[in-house]
Amino acid sequence: MTRPTNDTLLCALMREPTDYTPLWLMRQAGRYLPEYRASRATAGSFMDLCRNADFATEVTLQPLDRFPLDAAILFSDILTVPDAMGLGLSFAEGEGPRFARPLRDEAAIRALDVAPMEKLDYVFNAVAAIRKALGNRVPLIGFSGSPFTLACYMIEGRGSDDFRHIKGLMYSRPDLLHHILDVNARTVTEYLNQQIEHGAQAVMVFDTWGGILTGPAYREFSLEYMRRIVAGVKREHNGQRVPVVLFTKGGGQWLTDMADTGCDALGLDWTVDPAQARALVGKRVALQGNMDPISLMGSAEGVAAETRRVLEAFGPAPGHVFNLGHGISQHTPPENVAVLVDVVHRHSRALRT
C-alpha cells in the first residue's frame, strides 16, 4: 500500500531524521470542536458515532480539515473491547462509561473469553473508510486500551477514585486477575492486528491506569501484558513498517522497563522531564509528548511559549512526536490549537537549522 505523502510521523516514530517535529493530539477529534458537537448531536450518541463508519470518518477528519496535523487517529473508544465481550457498555450523560455486568465473581471471570472479532467489525469498517477518505494524506493511527486499563473498567464497572475492586482482586486472588489480563491481551493483540489489516499504519496502546500501581505490581499486571501485545502485533504490513507506541499515564518511573518491551516509541505525560526520559532510554525508542493539556487554556502567547519550551526540552534530535501529555480538554479554545500546531511546525524547523 502507498506510503502517505506526509510520512513525517512514521519517520519520527522510527527515529529517522525529519525536517520538523510532527504532531497529533490525543482526543484530537472531540468536544472542543463545534463541528464534532454538531456531528454527535446528529448521530444521537457517542456510541452511535463510533458504530457508524460514515460518522466515525467524518469526525476523524474534522481536526485535519481545520489544522495541518501530521496524523489521523481512529475515532473510537477503548471500551469497545470489553463491550464486545458482553459486559454491557453504556454512556450516561455527564457520568461517563459504565458496564451493566462488571466482573465481580469467580464464575463470571472464569467464563470470560476473547472477544469475537466480528462484534468489532464496525471498528474495522471505520478504519477502512477513514483510510480511504484520507487518500494517503497523513498516516492513520489505530489504538486500544491496555489489558490492565481495560480490566479496571471491567471490574470496577465504571471510573473509580480508589480502584478498590481491582486492587482487592489483585491482592486477594491474583490468579483471577491474571486470567482477565491474559484474555484482554489476546483480544487486544488480535484487535490491533485487524486494525492494521484494515489500514492502520501505526498503533498505540493506552495504559491510562497503570500509574496507580506499585512498581512490582505494574511490571506483573500491566507491563507484562503490554509486552505480550508488542510481541504479537504485526510490525510490517504490505511492505511497510508498523510502529507500536506504548503510553502509561503516571508511568515515567518505568520508562526503561517500557523501552525493553521492544516497542518503537513511548508516550510521556506532562510530569516527565524530556531530557531525563531521553537519558534513560537512549536511542532505543522514539518519544511522544508531552505538553500539559491545560496549558492550552492560556493566552495565545502563553501557548506559544509553552510549546517552544517543550520542543526545546526534547531538542532537535530524531525521534520526537509532539503531543499532549494526555487527552485534550473539551474546554480548549480551537484557536489555541491552531497556535500550537503553527508553533510546533515553525519552531521545530528553526531548531533543526
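Residues take numbers from 1 onward in each chain, read along the sequence in its written order. In keeping with the model being predicted, local features are shown solely for residues with a pLDDT of at least 70 and side-chain atom pairs are shown and tallied solely at 80 or more, while totals for entire chains, interfaces and linings include all residues. Side-chain figures throughout are based on the complete set of non-hydrogen atoms in the structure, without hydrogens or water.

J.: Explain the sheet that holds strand S9 (residues 265-267) here, please?
T.: Within the open sheet, the seven strands sit side by side as S1-S4-S5-S8-S9-S10-S11. Their pairing is parallel. The open sheet has two edge strands with one neighbour each: strand S1 (72-73) and strand S11 (320-324). In short, DSSP must find at least two bridges between two strands for them to pair. Helix and strand assignments come from DSSP, with helices taken as H or I runs of at least 4 residues and strands as E runs of at least 2, each series counted from the N terminus. Relative to S9, strand S8 (residues 244-248) is paired through three bridges, and the arrangement is parallel. The partner of Phe247 across the bridge, within S9, is Gly267.

J.: Explain the environment of Arg227 here, please?
T.: Within the element layout of this structure, Arg227 appears in helix H11 (residues 215-232). Beyond its immediate chain neighbours, meaning those up to four positions away, Arg227 contacts Asp260 and Thr261. For this analysis, residues touch if any pair of their heavy atoms sits within 4.5 Å.

J.: I would appreciate a short explanation of helix H13 (residues 274-281) in the present structure.
T.: Think of an α-helix as 3.6 residues a turn; residues three or four steps apart then line up on the same face. Note on classification: 1.4 Å probe, protein chains only; a residue is buried when its accessible area is under 20% of the maximum for its type, exposed when over 50%, partly exposed between these limits. Burial in H13 covers these residues: Pro274, Ala277 and Val281. What you see down the axis of H13 is that its buried residues fit within an arc of 60°, all on one side. In this structure, H13 carries Gln276 and Ala279 as exposed residues pointing more than 90 degrees from its buried face. Structurally, H13 contributes buried residues whose contacts are with helix H12 (255-259), S9, strand S10 (286-291) and helix H14 (300-314). For H13, the capping residue at the N-terminal end is Asp273, with a side-chain oxygen 3.1 Å from the backbone nitrogen of Ala275. To be clear, the arc concerns the directions from the helix axis to the C-beta atoms. Polar contact is the term for a pair of N or O atoms within 3.5 Å; when the atoms are in protein, one must be able to donate a hydrogen and the other to accept it, and sequence-neighboring residues count only if both atoms are side-chain atoms.

J.: Where do I start with the environment of Leu255 in this structure?
T.: Summarising the element assignment, Leu255 is placed in helix H12. Note: C-alpha distance between Leu255 and Leu280 (25 residues apart in sequence) is 7.2 Å.

J.: Explanation requested: the pattern of salt bridges in the structure shown.
T.: Side-chain pairs of opposite charge can arise whenever the charged atoms involved come near each other. When a carboxyl oxygen of Asp or Glu lies within 4 Å of a side-chain nitrogen of Lys or Arg, that pair is called a salt bridge. All chains considered together, the criterion is met by 20 salt bridges. In this structure, Asp83 engages Arg51 in a salt bridge whose closest nitrogen and oxygen atoms are separated by 2.9 Å. Taken together, the residues Asp83 in helix H5 (residues 80-84) and Arg51 in helix H3 (residues 46-51) connect sequence positions 32 residues apart. When its relative accessible area of 18% is taken as the criterion, Asp83 is described as buried. For Arg51, a relative accessible area of 40% corresponds to the partly exposed category. Put simply, Asp260 and Arg284 hold a salt bridge, and the shortest N to O gap is 2.4 Å. Taken as a pair, Asp260 in the loop between H12 and S9 and Arg284 in the loop between H13 and S10 lie far apart in primary sequence, 24 residues in all. One network of salt bridges, in which partners are shared, links Asp182, Arg186, Glu224, Arg227 and Arg228.

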